[in-house]
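Tertiary structure, described
Listed here are the chains, written in short residue letters.
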Amino acid sequence: MTVWRPLLSLLGAAVIVGCARTNKAHETVLTFSGSALGAEGTLVAKQLKRFMQLHPDIRVELQRTPDDASQRHQLYVQWLNARVGNPDILQLDAIWTPEFAAAGWVLPLTRFSPASSEFFPATIAANTWAGQLYALPWFADVGLLYRRTDFVPKEPRSLGELVTDARQAMARAAGPRFGIVWQGARYEGLITGFVEYLGAFGGKILDDSGRVVVNRPEAVRALQFMRDELYSWHIAPLDVLTWHEEEARYAFQNGTAVFMRNWPYAVGAMSDKTQSRVAGKFAVSPMPASGEPNGHSTAALGGSQLAINAYSESPDAAYRLIEYLTAPDQMLERAQAVGQYPTRPALYRDSRLRNAIAIPPDDARRAIESATPRPVTPIYTELSEILQIELHRALVRQAEPQDALNSAAERINALIERTGMRKLMSAPHNAPVPAATSTPSRTE
Ligand code: GLC
């Protein structure tokens, strides 16, 4: 596995930090971990410094973790499997909370009485497992369609229009080389893009009763569209099948693509004339629907949550920091500094948000409220891995979309049976776990 070596060295670093936790008498040392590159890193450092000024008895150390969602997941799983109490605070992806909660790796927040009604309900639902809240939503991500306004002045209203617009722009003398770029590598980003095409064609991974429906005709048409319309016509370069968020951003920012699917964070760097060739020449809008019955325009719901490591020696101090970072002022500052969307609906009425994000705050709020969450279940990571493999098989033409999705459905059903999740997946996910249900088995 390619990430093994860097992960081990990071693990080593964590252990070293872990040895120096009580430097001064009466000083609590907390380790905060998360993605902290570039402007995001500067912002986190600034907010941690302010927190320490407010709480002179707490010292916070920042531990950077990989930006790639799947790599950060693997790193956390190794630390927590080893019962390391460090980092005290974990930055969880929107889909990990039930898994970490069911494994006993993060603390329920109930005893801190968090103000959960102040956050978007979908972000609270994603962090609730067995009737308890395990993490507070830090920022919300929604998939957006970026487009070059100098080639495509009006946003496409359907996927068909998107393809036509892309081909026309590519055919122009100085037209960009690629039609659309996005996150097609075999990792979590691929699933988020698929969720949006699925919604566009009216499909789902699981239906409302928890049944696997990812091989139904709508889903097959979505995957066929991705393979035939995007790759076969070279609207998307084949290279995209190895790209993550940043590779897509560089391509779009260097002027080589007409459209890009990415998260809100990309707006900041692309608006900066010193590093971007498209500053002032792009706009964002929702990913369009296919135009087929039941299909709708939707964004995958993503984002980050903050949770307390169950092995932390200082859970109370850790909660104080989480409460501080998720407070309205810090969220607004994050939107202003890095363009990430607050998870508190009330902030969308604050006029300061208008200049901070690329689309009108009301549109951003609606995008979050109508975004599609990925399945909320402790077995999500395994489910996603199965789907990633099968989607990739179809996209690289090793399998037909229908066969790949049949195989995905069969394997996901087997996983649900093996882990005893069937009963839980058809019940509302935030209902208390029945006493007879055991913690799911892990494969990592
Ligand atoms: C972003 C999203 C996250 C998603 C990931 C996929 O970090 O916030 O929810 O899983 O991208 O790459």
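Structural notes, computed from the coordinates. Computed from a predicted structure; not experimentally measured. (Residues numbered from 1 in each chain as written. Predicted model: local features only at pLDDT ≥ 70, side-chain atom pairs only at ≥ 80, totals over all residues. Heavy atoms only, no water.)

1. Re the pattern of salt bridges
Summed over all chains, the structure comprises 26 salt bridges. Arg397 is the salt-bridge partner of Asp228, the closest N and O atoms lying 3.3 Å from each other. On the criterion of sequence distance, the pair formed by Asp228 in helix 8 (residues 217–232) and Arg397 in the loop between helix 15 (380–395) and helix 16 (401–419) is long-range, its members being 169 residues apart. For Asp228, a relative accessible area of 22% puts it in the partly exposed group. (Salt bridge = Lys/Arg side-chain N within 4 Å of Asp/Glu carboxyl O. Helix = DSSP H or I, 4+ residues; strand = E, 2+ residues; numbered from the N terminus. Buried < 20%, exposed > 50% of the residue type's maximum accessible area, 1.4 Å probe, protein only.)

2. Section: the packing of aromatic side chains
Tallied over the full model, the rule gives 17 aromatic pairs. Between the aromatic rings of Trp138 and Phe139, the centroid separation amounts to 5.7 Å while the plane-to-plane angle is 45 degrees, which identifies the pairing as tilted. With a relative accessible area of 1%, Trp138 lands in the buried category. On the basis of relative accessibility, which here comes to 5%, the residue Phe139 falls in the buried class. With a centroid separation of 5.8 Å and 50 degrees between ring planes, the pair formed by Phe201 and Phe225 is classed as tilted. One end of the pair, Phe201, is in helix 7 (residues 188–201); the other, Phe225, is in helix 8, and 24 residues separate them in sequence. Taking the relative accessible area as the measure of exposure, Phe225 reaches 9% and is therefore buried. Members of the aromatic cluster, each reached through a chain of ring pairs, are Tyr76, Trp79, Trp96, Phe100 and Trp105. The ring of Trp263 has Arg261 lying over it, and the distance from NZ or CZ to the ring centre is 4.2 Å. (Phe/Tyr/Trp six-rings, centres within 6.5 Å; stacked < 30°, edge-to-face > 60°. Lys NZ or Arg CZ within 6 Å of the ring centre and 35° of its normal.)

3. A short note on the side chain of Gln388
By the element assignment, Gln388 lies in helix 15. Look past the residues within four positions of Gln388 in its chain and what remains in contact with it is Arg186, Tyr187, Glu188, Leu190 and Ile191. (Contact = heavy atoms within 4.5 Å.)

4. Observations concerning the environment of Asp403
Relative to the helices and strands, Asp403 resides in helix 16. For Asp403, a relative accessible area of 47% gives the class partly exposed.

5. Considerations on the site of the ligand
Around the ligand sit Asp93, Ile95, Asp141, Tyr187, Glu188, Gly189, Glu245, Trp263, Gly302, Gly303 and Arg374, and those are all the residues in its vicinity. At 2.8 Å, a side-chain N or O of Arg374 approaches an oxygen atom of the ligand. Protein chains bury 89% of the 310 Å² of accessible surface belonging to the ligand in isolation. In this structure the site holding the ligand corresponds to the largest pocket. Put simply, the parts of the chain that give the shell around the ligand at least two residues each are helix 7 and strand 11 (301–308). Taken domain by domain, the shell around the ligand gets at least three of its residues from each of domain 1 (4–140 + 303–359) and domain 2 (142–300). (Near = heavy atom within 4 Å. Polar contact = N/O pair within 3.5 Å; in protein donor to acceptor, adjacent residues only side chain to side chain. Areas by Shrake-Rupley, 256 points an atom, 1.4 Å probe, with all protein chains shown as cover. 1 Å grid on protein atoms, 1.4 Å probe; cavity = no way out; pocket = protein on both sides within 12 Å on 5 of 7 lines; lining within 4 Å. Sits in = over half its atoms within 2 Å of the grid points. Domains from an automatic or database assignment.)

6. Looking at the nonpolar core
Counting 136 residues, the largest nonpolar core has Phe32 and Tyr146 as the members making the most contacts within it. Among the domains, domain 1 (4–140 + 303–359) and domain 2 (142–300) are the pair contributing at least three residues each to this core. (Core = buried A, V, L, I, M, F, W, Y, C linked by side-chain atoms within 4.5 Å.)

7. Examining the layout of surface pockets
The calculated volume of the largest pocket comes to roughly 920 Å³. Residue lining of the largest pocket: 35 residues in total, with Glu40, Asp67, Glu245, Glu246 and Tyr265 positioned closest to the centre. For the lining of the largest pocket, the leading source of residues is helix 9 (residues 245–253), giving four residues. Here the residues of the lining of the largest pocket sort into eleven nonpolar, twelve polar and twelve charged. Formed jointly, the lining of the largest pocket draws a minimum of three residues from each of two domains, domain 1 (4–140 + 303–359) and domain 2 (142–300). (Points joined across faces, edges and corners; volume = space filled by probe spheres on them. Nonpolar A, V, L, I, M, F, W, Y, C, P; charged D, E, K, R; others polar.)

8. Re unusual backbone geometry
Geometrically, the link from Asn86 to Pro87 is a cis peptide bond, its omega value of 5 degrees lying close to zero. When you line up the elements, Pro87 lands in the loop between helix 3 (69–81) and strand 3 (89–93). Not every positive phi belongs to a glycine, and Arg83 is a case in point at roughly 55 degrees. Assignment of secondary structure puts Arg83 in the loop between helix 3 and strand 3. The backbone of Arg397 sits at a positive phi, close to 65 degrees, despite the residue not being glycine.

9. Examining the sheet that holds strand 10 (residues 282–285)
Spatially, 8-9-7-10 is the arrangement adopted by the four strands of the open sheet, whose pairing is mixed. Because the sheet does not close on itself, it has two edges, and the strands there are strand 8 (178–181) and strand 10. Each adjacent strand pair in this sheet contributes to an overall mean axis angle of 15 degrees, direction not counted. The pairing of strand 7 (residues 144–148) with strand 9 (residues 257–262) spans four bridges and is antiparallel. (Pairing = 2+ DSSP bridges. Axes fitted to C-alpha atoms, helices over the stretch in contact; angles between N-to-C directions.)

10. Some points on helix 3
Taking 1.5 Å of rise per residue, the 13 residues of helix 3 would be expected to cover 18 Å, and the 18 Å separating its terminal C-alpha atoms lies within 8% of that figure. Across the 13 residues of helix 3, ten count as buried, placing the element largely inside the fold. Taken as a whole, helix 3 has its buried residues at Ala69, Arg72, His73, Gln74, Leu75, Tyr76, Val77, Gln78, Trp79 and Leu80. For helix 3, the side-chain oxygen to backbone nitrogen distance between the N-cap and Ser70 is 2.8 Å, and the N-cap itself is Asp68. Of the residues trailing helix 3, Arg83 is marked for its positive phi of about 55 degrees. (Expected span 1.5 Å × (residues − 1).)

11. Digging into the pairing of strand 1 (residues 28–34)
Within strand 1, six of the seven residues are buried, which leaves it mostly tucked inside the rest of the structure. Both strand 1 and strand 2 (residues 58–64) contribute to a ladder of seven bridges, which runs parallel. Looking across to strand 2, one finds that Leu30 is bridged to Val60. Between strand 1 and its parallel partner strand 2, the chain crosses via helix 2 (residues 38–54), and the hand of that crossover is right-handed. (Right-handed = clockwise from strand over helix to strand, strands pointing away.)

12. Comments concerning the packing of helix 2 against helix 12 (residues 328–338)
Relative orientation of the contacting elements helix 2 and helix 12 amounts to 155 degrees, with a least axis distance of 10 Å. In this view, helix 2 runs roughly antiparallel relative to helix 12, as classed from their interaxial angle. The way helix 2 lies across helix 12 gives a crossing that is right-handed. Residue-level contacts link Ala39, Glu40, Leu43, Val44, Lys46, Gln47 and Arg50 of helix 2 to Gln330, Glu333, Arg334, Ala337 and Val338 of helix 12. (Parallel < 35°, antiparallel > 145°, perpendicular 65-115°, else oblique. Left-handed = near helix turned anticlockwise from the far one by under 90°.)

By themselves, these observations are geometric and do not establish any function.
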